[in-house]
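# Reading the structure
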Amino acid sequence: MLTTDHGDVPTPVFMPVGTQGAVKAVEPRELEELGAAIILGNTYHLYLRPGTRILQGAGGLHRFMAWNRPILTDSGGYQVFSLSDLRGLSEEGVEFRSHIDGSPHRLTPEGAVDIQRTLGSDIMMVLDECPPYPCDEEYASRSMNLSLRWARRCKERADSTVPLYGSGQALFGIIQGSTIDRLREASTRGLVDIGFDGYAIGGLSVGEPASEMYRITELCTAAMPVNQPRYLMGVGTPENILESIDRGIDMFDCVLPTRNGRNALFFSRSGRVNIRNARYEDDFGPIDPECACYTCRTFSRAYLRHLFKAREIAGLQLASIHNLSFYCWLTRSAREAILAGRYHAWKTAMLQSLNGMDEQTPLTHVGGDSAS
Ligand SMILES: [Zn+2]
């Protein structure tokens, strides 16, 4: 259980991604109804647009977007390295040009904390360098040590400033070190020495094989404090999530459910459904008969297929609602199974079921989060 001033979050938990202060195609009231306990906002995007002046004027991100449950914000580092035109990386921070208008900007560890103070998120993340995958050991080592020094500066900044809107803000450290065991161990130890409210694993889900992701995840969680939240950033498929929960992860975020939903791909308890497939043309049953979401309670596969064929916006909304419902249901059910002491049996049955039904349509997924 995660405790914040905007409410408690039972874990494990899936956090829908609200890149620009909005979860694409899903309104906050729908997010509440489908059971989202916490959402994620992207510092890089919100800093560039609408900018900190507007966000502070609104009284923070919760009030600006009318979402009263917890919010986690990333530090902006991932997007600076993946989206912007990167101009310089130094001990001090990063210089980059906006992907929107080419304007020059500078982001430092202190600045990343200041921006997140302005956003007023319940959980802030440290600024880290995100090395490419694959990367050699020397680069990974230099990068990990820089991220560690930046993490210390973020912690010092957070300790010497206060939240702007009266509600508490936790700060999480981010473990780096590519797929090199000794670097991951050193990163985890270094962050735990500094002391954060929670620990995240960054730099995974960037193209490495799933077996590598699981190995590094296991190695990191083994070295993390047992009584603090553990967050695996940017992961992943339902299968990835179930395997990572098994390795001690509490928190997940990923654009997979919304991005694939907008691409006519529905997740279900018995596998993926590509609703454009002709076989659904006169299928008047729901996407997932066991799903309690608005989409499944109300609409047939035939109708959803029609919406996508006709390019109606409602198709994108209803698919996003269902897929997020499914992901939230999955982590909630994992929690129930853990509490009942039957996680392994549940996981085995669920993995079998998830691989059941449909054509294995390729997923649309590039790294963690991006501009789309
Ligand atoms: Zn549903």
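This structure is a prediction, so every number in the text was calculated from the model and none was measured. (Residues numbered from 1 in each chain as written. Predicted model: local features only at pLDDT ≥ 70, side-chain atom pairs only at ≥ 80, totals over all residues. Heavy atoms only, no water.)

Now for helix α10 (residues 238-246). Burial runs high along α10: eight of the nine residues are buried. Residues of α10 that are buried include every one of P238, E239, N240, I241, L242, E243, S244 and I245, and no others. (Buried < 20%, exposed > 50% of the residue type's maximum accessible area, 1.4 Å probe, protein only. Helix = DSSP H or I, 4+ residues; strand = E, 2+ residues; numbered from the N terminus.)

Right, let's get into the pattern of salt bridges. Under the criterion given, the structure shown has 19 salt bridges. For E92, the salt bridge is made with R106, and the minimal N-O distance between the two is 3.7 Å. Here R106 lies in strand β9 (residues 104-107) and E92 lies in the loop between β7 (85-89) and β8 (94-97), a separation of 14 residues in the sequence. Through salt bridges with shared partners, a single ionic network connects E218, E243, D246, R247 and K347. (Salt bridge = Lys/Arg side-chain N within 4 Å of Asp/Glu carboxyl O.)

Protein-derived coordination of the zinc ion comes from C291 (SG), C293 (SG), C296 (SG) and H322 (ND1), at a distance range of 2.1 to 2.3 Å. Coordination at the zinc ion is tetrahedral: its four donor atoms span angles of 96 to 117 degrees at the metal. Coordination of the zinc ion draws on donor residues from a single chain, spaced C-x1-C-x2-C-x25-H in sequence. Neither C291 nor C293 differs from the other in exposure class; each is buried. (Donors = N, O, S within 2.8 Å, 3.2 Å for Na, K, Ca; no water. Tetrahedral: all angles 85-135°; square planar, octahedral: opposite > 155°, others 65-115°.)

Moving on, we come to the nonpolar core. Judged by nonpolar contacts, the single largest core of 96 residues is most densely connected at L31, L72, I123, M125, Y231 and M251. Here this core gets nine residues from one element, more than from any other, and that element is helix α14 (residues 313-339). The residues touching L31, leaving out its near neighbours within four places in the chain, are P16, V23, V26, A36, I39, W67 and L324. Grouped together as the second largest cluster of nonpolar side chains are 15 residues, F266, C291, C293 and A319 included. (Core = buried A, V, L, I, M, F, W, Y, C linked by side-chain atoms within 4.5 Å. Contact = heavy atoms within 4.5 Å.)

Our next topic: the pairing of strand β12 (residues 198-201). Alternating residues of β12 divide into G198 and A200 and Y199 and I201, and every residue in both groups is buried. When strand β11 (residues 170-175) meets β12, the two strands line up parallel, connected through four bridges. Opposite F172, over in β12, you have G198 as the bridge partner. Pairing of β12 with strand β13 (residues 230-232), which is carried by three bridges, proceeds in the parallel orientation. (Pairing = 2+ DSSP bridges.)

Turning our attention to the packing of helix α7 (residues 137-159) against helix α8 (residues 181-194). Any two packed helices are characterised by the angle at which their axes cross and by the distance between the axes. In contact at an axis separation of 10 Å, α7 and α8 are set at 10 degrees when each is read in the N-to-C sense. Here α8 runs roughly parallel to α7, going by the angle between their axes. Here E137, A140, S141, M144, L148, A151, R152 and K155 of α7 lie close against α8, whose contacting residues are R182, L183, A186, S187, G190, L191 and I194. (Axes fitted to C-alpha atoms, helices over the stretch in contact; angles between N-to-C directions. Parallel < 35°, antiparallel > 145°, perpendicular 65-115°, else oblique.)

A separate point is the side chain of D128. Note on placement: D128 falls in the loop between β10 (123-125) and α7. The buried charged residue D128 lacks any salt bridge, with R184 as its nearest oppositely charged partner at 8.1 Å. Residues within four places of D128 in sequence aside, it is in contact with S75, G77, F81, S147, W150, I174 and Q176. (Lys, Arg positive; Asp, Glu negative; His and termini not counted.)

Here we come to the pairing of β8. Here β8 shows a clear split, with V94 and F96 buried on one side and none of E95 and R97 buried on the other. Direction of pairing for β7 relative to β8: antiparallel, over a ladder of four bridges. From the neighbouring strand, L86 faces β8, where its bridge partner is F96. From the end of β7 to the start of β8, which pair antiparallel, there are four residues. Relative to β9, β8 runs antiparallel, the two being bridged by four bridges.

On to the packing of aromatic side chains, then. In total, this model carries 11 aromatic pairs according to the counting rule given. On the numbers, 5.6 Å between centres and 85 degrees between planes, the contact of Y294 with F299 is edge-to-face. For F299, a relative accessible area of 19% puts it in the buried group. With a centroid separation of 5.7 Å and an interplanar angle of 40 degrees, the aromatic rings of Y343 and W346 are classed as tilted. Pair noted here: Y343 and W346 are both in helix α15 (residues 343-354), with a separation of three residues, about one helical turn. Neither residue differs from the other here; Y343 and W346 are each classed as buried. Joined through ring pairs, the aromatic side chains of F14, F267, F326, Y327 and W329 make up one cluster. Positioned above the aromatic ring of W329 is the side chain of R269, whose terminal nitrogen or guanidinium carbon lies 3.7 Å from the ring centre. (Phe/Tyr/Trp six-rings, centres within 6.5 Å; stacked < 30°, edge-to-face > 60°. Lys NZ or Arg CZ within 6 Å of the ring centre and 35° of its normal.)

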